[in-house]
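If you want the building blocks of each chain, they are given just below.
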Amino acid sequence: MSEPVSQRCELPTAADLLTALEKRGFEHLDVDDHRTFVLYSEAVLDLQVTEGTLTAARTCTVTSQGFALWVNDPDPDAVVADFCTELVAAADTDRC
């Protein structure tokens, strides 16, 4: 298994990340008001809001937690970066 990779995502204004995830069709499991696990591109990602809450986030950190067993050579850096790009784009339409 590859080592976990983290990236910080900053949003220009507060956004509802749960709505953004749902609009993109990303399955997620909420842990509390600041954390959810997201299934994205055969990966499990740990999304933790560091400024705000999941429904009014300004900043979050996304960390790769693992990949599906059939993914032979995962690129966690690329997956996390792609997810952050999609999340910021989706959140741009779901501002609080």
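Being a predicted model, the structure only gives us computed values, none of them experimental.

Colleague: If you had to explain helix α2 (residues 76-92) to someone new, which residues and values would you point to?
Modeller: For α2, built from 17 residues, the straight-helix expectation of 24 Å at 1.5 Å per residue is met to within 8% by its first-to-last C-alpha distance of 24 Å. Every buried residue belonging to α2 is among Pro76, Val79, Val80, Phe83, Cys84, Leu87, Ala90 and Ala91, and all of these are buried. Here the buried residues of α2 occupy an arc of 135° about the axis, which is enough to place them on one side. The inward-facing, buried residues of α2 abut β1 (6-15), α1 (17-24), β3 (35-40), β4 (43-53) and β5 (56-67).

Colleague: Provide a residue-level description of the state of the cysteines, including the pertinent values.
Modeller: Enumeration according to the criterion identifies one disulfide in this entry. The side chain of Cys9 participates in a disulfide bridge whose partner is Cys84; the two sulfur atoms lie 2.4 Å from each other. Where Cys9 bonds to Cys84 through sulfur, the torsion about that S-S bond is close to -80°, and the disulfide is left-handed. In this pair, Cys9 sits in strand β1 while Cys84 sits in helix α2, placing the two residues 75 residues apart along the sequence.

Colleague: Give me the side chain of Thr36: which residues, what numbers.
Modeller: Within the secondary structure, Thr36 sits in strand β3. Polar side-chain contacts of Thr36 include one of 2.8 Å to the side chain of Asp30. In this structure, Thr36 is in contact with Leu21, His28, Leu29, Asp30, Val31, Leu45, Asp46, Leu47 and Leu54, ignoring residues within four places of it in sequence.

Colleague: I'd love a proper account of unusual backbone geometry, names of residues and values included.
Modeller: Even without being a glycine, Ser41 presents a positive backbone phi close to 50°. Of note in this structure, Glu42 is not a glycine but carries a positive phi near 65°.

Colleague: Before we move on, could you go through the pattern of salt bridges and cite the residues and values that matter?
Modeller: Going through the model one piece at a time under the given rule, you end up with three salt bridges. Between Glu10 and Arg8 there is a salt bridge, and its shortest N-O distance comes to 3.0 Å. Side by side, Glu10 and Arg8 carry an identical accessibility label, which is exposed. Here Glu86 ties to Arg24 by a salt bridge, and the two come within 3.6 Å at their closest N and O atoms. Linking Glu86 in helix α2 with Arg24 in helix α1, this pair joins segments that are 62 residues apart in sequence.

Colleague: Account for the nonpolar core, naming residues and giving values.
Modeller: Ranked by internal contacts, the top residues of the largest apolar core, which has 26 residues, are Leu17, Val38, Leu45, Leu47, Cys60, Val62 and Phe83. Taken together, the elements giving at least two residues each to this core come down to β1, α1, β3, β4, β5 and α2. Sort the elements by how many residues they give to this core and α2 lands first, with seven residues. Non-local contacts of Cys60, meaning those with residues more than four positions away in its chain, are made with Gln7, Arg8, Cys9, Leu17, Leu47, Gln48, Val49, Thr50 and Leu87.

Criteria and thresholds
- Residues numbered from 1 in each chain as written.
- Predicted model: local features only at pLDDT ≥ 70, side-chain atom pairs only at ≥ 80, totals over all residues.
- Heavy atoms only, no water.
- Helix = DSSP H or I, 4+ residues; strand = E, 2+ residues; numbered from the N terminus.
- Expected span 1.5 Å × (residues − 1).
- Buried < 20%, exposed > 50% of the residue type's maximum accessible area, 1.4 Å probe, protein only.
- Arc of directions from axis to C-beta.
- Contact = heavy atoms within 4.5 Å.
- Disulfide = S-S within 2.5 Å.
- Polar contact = N/O pair within 3.5 Å; in protein donor to acceptor, adjacent residues only side chain to side chain.
- Salt bridge = Lys/Arg side-chain N within 4 Å of Asp/Glu carboxyl O.
- Core = buried A, V, L, I, M, F, W, Y, C linked by side-chain atoms within 4.5 Å.

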